[in-house]
Amino acid sequence: MIKRLLSELCRPIALLMMTTCMLHLSAQVPVEEVFIKAPVSVLPTIDTNTRLDMIDYFKGGMTTDSPTTLNGAARVTALDDRHIEFLTSDNGRIAMWPVKYGKDSVTVVVKTVDIPASDSRVELYGWPEWRLIDSGDCGVIADWVIDPARKEGRVEDVENALGFMTATASFDPASGKITYVPTVAGVITEAEFEKVAPYVQKSRTFKLKPGKGIVPEK
């Protein structure tokens, strides 16, 4: 009698948990669909048939390259239920994550070029219309100078030493955070970088904020 009562009491809770889980799963846009349906404006050098081949090769355990429209070599390097990563050329790569954005679904796209030093740009697109919501890169040198050095008037010294800023971006879908790590040390001489390294932040973090796009984390 007690077991039956407990069972009846727990059934609505279990049903609610199951329904919540199903809603969460149904809200997840398939990663492969995002990759295949990306417009030419996002992936101009890889046509739809080539994208399908790339996925087949990866799933088949092959490292076969697929030709791009610019005679480059493209290949999927990572694929799971949360994201896809692929090469677009000898020095270019892209990663995509379909995620929730408030009540909507969006795709986070991180485009990275590896010459002369790895440098990333992050783009945020609405789904399924692929409307560009926001985009950004690592910012200017002044954005990277730590507050104590800024108060000491070191910004110009850092700008003169570095010349420009480069950084790679990574995205964490669980937290919705984007982290940039500087790579400019690979552009200038080690001696020049060491002079200003103490004044430069080791990373900068941004987050996805529904209604506002990509914003710096305070």
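In what follows, the accompanying structure is described.

Procedures and definitions
Residues numbered from 1 in each chain as written. Predicted model: local features only at pLDDT ≥ 70, side-chain atom pairs only at ≥ 80, totals over all residues. Heavy atoms only, no water. Pairing = 2+ DSSP bridges. Helix = DSSP H or I, 4+ residues; strand = E, 2+ residues; numbered from the N terminus. Axes fitted to C-alpha atoms, helices over the stretch in contact; angles between N-to-C directions. Patch = residues over 30% accessible without salt bridge, like charges linked within 9 Å, V, L, I, M, F, W, Y side chains within 5 Å. Areas by Shrake-Rupley, 256 points an atom, 1.4 Å probe, with all protein chains shown as cover. Salt bridge = Lys/Arg side-chain N within 4 Å of Asp/Glu carboxyl O. Lys, Arg positive; Asp, Glu negative; His and termini not counted. Charge placed at Lys NZ, Arg CZ, Asp CG, Glu CD. Buried < 20%, exposed > 50% of the residue type's maximum accessible area, 1.4 Å probe, protein only. Phe/Tyr/Trp six-rings, centres within 6.5 Å; stacked < 30°, edge-to-face > 60°. Core = buried A, V, L, I, M, F, W, Y, C linked by side-chain atoms within 4.5 Å. Contact = heavy atoms within 4.5 Å.

**A few points about the sheet that holds strand β11 (residues 213-216)**
One open sheet accounts for four strands, arranged β8-β9-β10-β11; its pairing is antiparallel. Because the sheet does not close on itself, it has two edges, and the strands there are β8 (167-172) and β11. Looking at each pair of strands side by side, their axes are set apart by 30 degrees on average, direction ignored. Bridge analysis of strand β9 (residues 177-182) against strand β10 (residues 204-209) gives four bridges, and the strand direction is antiparallel. Bridge pairing in β10 links I178 to F206.

**A few points about the sheet that holds strand β3 (residues 84-89)**
Sheet architecture is open: seven strands sit in the order β1-β2-β3-β4-β5-β6-β7, paired in antiparallel fashion. Two strands bound the open sheet, and with one partner strand each, they are β1 (66-67) and β7 (132-136). Sheet topology places strand β5 (residues 104-113) next to strand β6 (residues 119-126); eight bridges connect them, and they run antiparallel. Bridging from a neighbouring strand, V110 pairs with V122 of β6.

**A look at a positive patch on the surface**
A cluster of like positive charges, contributed by K207, K209, K212 and K218, occupies part of the molecular surface. Within the fold, K207 resides in strand β10. Since its relative accessible area comes to 32%, K207 is described here as partly exposed.

**Points about the pairing of β5**
Among the 10 residues in β5, seven count as buried, and that is most of the element. In terms of strand pairing, strand β4 (residues 92-101) meets β5 through 10 bridges, oriented antiparallel. Bridged to M96 within β5 is V109. Connecting β4 to the next strand, β5, in antiparallel fashion are two residues, including G102 with a positive phi near 70 degrees.

**Describing the environment of L52**
Mapped onto the elements of the fold, L52 is located in helix α3 (residues 48-59). Taking the C-alpha atoms as reference, L52 lies 7.0 Å from I36; in sequence the two are 16 residues apart.

**Concerning the packing of aromatic side chains**
What the rule picks out here adds up to five aromatic pairs. A ring pair is formed by Y125 and W130, whose centres lie 5.3 Å apart and whose planes are at 55 degrees; its orientation type is tilted. We classify W130 as buried; its relative accessible area is 10%. Between W127 and W130 the ring centres are 6.1 Å apart and the planes differ by 70 degrees, which places this aromatic pair in the edge-to-face class. Its relative accessible area of 17% is what places W127 among the buried residues. Ring-pair connections join several aromatic residues into one group, and the members of that group are Y125, W127 and W130.

**Focus: the nonpolar core**
Ranked by internal contacts, the top residues of the largest apolar core, which has 33 residues, are V108, L162, I178, Y180 and L208. Within the residue set of this core, elements represented by two or more residues are β4, β5, β6, α4 (141-144), α6 (155-162), β8, β9 and β10. Residue contacts for I178: discarding those within four places in its chain leaves V122, A169, S170, F171, R204, T205, F206, L208 and I214. Formed by 21 residues, the second largest nonpolar core is a distinct cluster that contains V29, V31, V42 and F86.

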